[in-house]
Amino acid sequence: TTGHIQLIDFEYGGSNYAAFDLANHFNEYAGGTSTEENGVPDYTRFPDSERQTKFCVEYVKMTKRLESMKSDITDPASSQKEMVIEEDDDEGIMNEAIQLLSHVQKFILVNHLYWGLWGVNQAAEEGCEEFDYLTYASNRFNEYFVKKSEFEGK
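Predicted, not measured: the structure shown is a model, and the values here were computed from it.

(A) Structural view of the packing of helix α4 (residues 90-126) against helix α5 (residues 133-153). Interhelical geometry of α4 versus α5 gives an angle of 165 degrees and a closest axis separation of 8 Å. Classed by the angle they form, the pair α4 and α5 counts as roughly antiparallel. Read as a crossing pair, α4 and α5 show a hand that is left-handed. Counted by class, the contact of α4 with α5 contains 15 nonpolar, five polar and six charged residues.

(B) Layout of the packing of aromatic side chains. Applying the stated rule across the entire model yields eleven aromatic pairs. When the ring of F20 is compared with that of Y114, the centres are 5.6 Å apart and the planes differ by 80 degrees; the resulting orientation is edge-to-face. With F20 in helix α1 (residues 18-28) and Y114 in helix α4, the pair connects residues that are 94 residues apart, well separated along the chain. Residue classification places F20 among the buried positions, given a relative accessible area of 8%. An angle of 85 degrees between the planes, with centres 6.0 Å apart, marks the rings of W118 and Y136 as edge-to-face. Here W118 is found in helix α4, whereas its partner Y136 is found in helix α5, with 18 residues between them in sequence.

(C) Geometry of the pattern of salt bridges. Summed over all chains, the structure comprises six salt bridges. Between K54 and E50 there is a salt bridge, and its shortest N-O distance comes to 3.3 Å. With a gap of four residues between them, K54 and E50 both fall in helix α2 (residues 49-74), about one helical turn apart. For E96, the salt bridge identified is with K64, shortest N-O distance 3.0 Å. One end of the pair, E96, is in helix α4; the other, K64, is in helix α2, with 32 residues separating them in the sequence. A residue is classified by how much of its surface remains accessible, and E96, at 34% relative accessible area, is partly exposed. K64 sits in the partly exposed class, given a relative accessible area of 36%.

(D) Representation of the nonpolar core within the structure. Counting residues in hydrophobic clusters, the biggest one holds 17 residues, and the most contacted among them are F26, L100 and V104. Counting residues per element, the ones that place at least two in this core are α1, α2 and α4. Looking at this core element by element, the count peaks at seven residues for α4. Counting six residues, the second largest nonpolar core, distinct from the first, contains W118, A123, F131 and Y136.

(E) Molecular detail of the packing of α1 against α4. Relative to each other, α1 and α4 sit at 70 degrees, their axes nearing to 7 Å. The orientation of α1 relative to α4 falls into the category roughly perpendicular. With respect to the hand of their crossing, α1 and α4 are arranged in right-handed fashion. Where α1 abuts α4, its residues A19, F20, L22, A23, N24, F26 and N27 lie against L100, L101, H103, V104, F107, I108, V110, N111, H112, Y114 and W115. When its residues are assigned to classes, the contact of α1 with α4 shows 13 nonpolar, five polar and no charged.

(F) Layout of a negative patch on the surface. A contiguous patch of negative charge, built from E125, E126, E129 and E130, is present on the exposed surface. Turning to its location among the elements, E125 is positioned in helix α4. According to the relative accessible area criterion, E125 is exposed, its value standing at 61%.

The rules behind the values
- Residues numbered from 1 in each chain as written.
- Predicted model: local features only at pLDDT ≥ 70, side-chain atom pairs only at ≥ 80, totals over all residues.
- Heavy atoms only, no water.
- Axes fitted to C-alpha atoms, helices over the stretch in contact; angles between N-to-C directions.
- Helix = DSSP H or I, 4+ residues; strand = E, 2+ residues; numbered from the N terminus.
- Parallel < 35°, antiparallel > 145°, perpendicular 65-115°, else oblique.
- Left-handed = near helix turned anticlockwise from the far one by under 90°.
- Nonpolar A, V, L, I, M, F, W, Y, C, P; charged D, E, K, R; others polar.
- Phe/Tyr/Trp six-rings, centres within 6.5 Å; stacked < 30°, edge-to-face > 60°.
- Buried < 20%, exposed > 50% of the residue type's maximum accessible area, 1.4 Å probe, protein only.
- Salt bridge = Lys/Arg side-chain N within 4 Å of Asp/Glu carboxyl O.
- Core = buried A, V, L, I, M, F, W, Y, C linked by side-chain atoms within 4.5 Å.
- Contact = heavy atoms within 4.5 Å.
- Patch = residues over 30% accessible without salt bridge, like charges linked within 9 Å, V, L, I, M, F, W, Y side chains within 5 Å.
- Areas by Shrake-Rupley, 256 points an atom, 1.4 Å probe, with all protein chains shown as cover.
- Lys, Arg positive; Asp, Glu negative; His and termini not counted.
- Charge placed at Lys NZ, Arg CZ, Asp CG, Glu CD.

Structure below.
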């Protein structure tokens, strides 16, 4: 791996909750959308809680860096001011990441419903000859119930 994230699927891009997009990112680990997979995701590839937490920590850190850069651009005088550099607020970052992850985990459920309904719509619009959209939809709905059960058990 390169250690970099590459954004794809711009045709589905739009303003959304960051937690929804991160939930989608985690769900995409399972795949299921290639012709070879034909609608059958492998949920054993779904990232564990430690990996999700690490990702959210890095996401929060990068968001803070980008916000800092944005303020330098929008207020050029701020870069002229003496900057007080605080030590990394590891506890604050971790707390923010944990809060973000709690939202992400809820959106994982929503994301399964969203893409399950998309699969049903695609089956109606395009048919299932080239890709089994109904199998994909069924798998996403099934995983919704698995994750919902896990979520309720917490």
